[in-house]
Amino acid sequence: EAGVVQSPRYKIIEKKQPVAFWCNPISGHNTLYWYLQNLGQGPELLIRYENEEAVDDSQLPKDRFSAERLKGVDSTLKIQPAELGDSAVYLCASSPHRGYNEQFFGPGTRLTVL
Amino acid sequence: AQRVTQPEKLLSVFKGAPVELKCNYSYSGSPELFWYVQYSRQRLQLLLRHISRESIKGFTADLNKGETSFHLKKPFAQEEDSAMYYCAFRHNAGNMLTFGGGTRLMVKP
């Protein structure tokens, strides 16, 4: 089993440019999470999906960040426009359902904004 | 608000020495706590959860509600234990996790 797949693994862009990250969770996992991990810190939740519904996006900066999970499977996280402070690792995780007490993480996408 | 604190950014020990990675939390109810680990060039993965009261790779962690702590311990550290360790707190049934800042464990030969 491949586990949670994320692409790209690395992305370098200039500020004010748009960027998108893609995540494919483990097959059959209904719950999907996007986390932001700044250098030297632990992951911070941005948004959680139950199937195609975003059930917690209180930490998502909605002025520039957006996310979707249209068919309840894979998901895309977008930043438009990117700022220097957005440089970080963006992690995707999934779990079979919201009551399952383990999350399975992808390798992350490392974003550098110049 | 719930908070998880890992006071040590870096912990360096020699192989065979005991190791304790500290984790403190702030929450007035009954918490669910976890330790996640990230080995070099690998993804973040669950190490252990307090409700299971399990020992994984020789590591144990006991929830101390009086001290609001969930320290990770191992009596004899091995070089392959070198990794980043994150303590995490689970929010209700939504399985939302709040992570601590992480501790890098270096086990020297």
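Residues numbered from 1 in each chain as written. Chains lettered and ligands numbered in written order. Predicted model: local features only at pLDDT ≥ 70, side-chain atom pairs only at ≥ 80, totals over all residues. Heavy atoms only, no water.

**Side note on the pattern of salt bridges**
All names here are of chain A. For the coordinates displayed, the defined rule picks out ten salt bridges over all chains. Notably, a salt bridge pairs Asp 86 with Arg 64, separated by 2.6 Å at the nearest N-O pair. In this pair, Asp 86 is assigned in the loop between β8 (75-79) and β9 (88-95) and Arg 64 in the loop between β6 (53-56) and β7 (65-68), connecting sequence segments 22 residues apart. Summarising the burial analysis for this pair, Asp 86 and Arg 64 share the class buried. Through salt bridges with shared partners, one network takes in Arg 64, Glu 83 and Asp 86. (Salt bridge = Lys/Arg side-chain N within 4 Å of Asp/Glu carboxyl O. Helix = DSSP H or I, 4+ residues; strand = E, 2+ residues; numbered from the N terminus. Buried < 20%, exposed > 50% of the residue type's maximum accessible area, 1.4 Å probe, protein only.)

**Considerations on the pairing of β9 of chain A**
Residue and element names in this part refer to chain A. Counted residue by residue, β9 has eight buried out of eight residues, so it is predominantly covered. Going residue by residue along β9, you find Ala 88, Tyr 90, Cys 92 and Ser 94 tucked away on one face and Val 89, Leu 91, Ala 93 and Ser 95 tucked away on the opposite face as well. Relative to β9, strand β4 (residues 31-37) runs antiparallel, the two being bridged by seven bridges. Bridge pairing links Trp 34 to Cys 92 in β9. Two strands pair when backbone bridges link them, and β9 and strand β10 (residues 104-105) are joined in this way by two bridges, in the antiparallel orientation. When the sheet's bridge partners are listed, Ala 93 is paired in β10 with Phe 105. (Pairing = 2+ DSSP bridges.)

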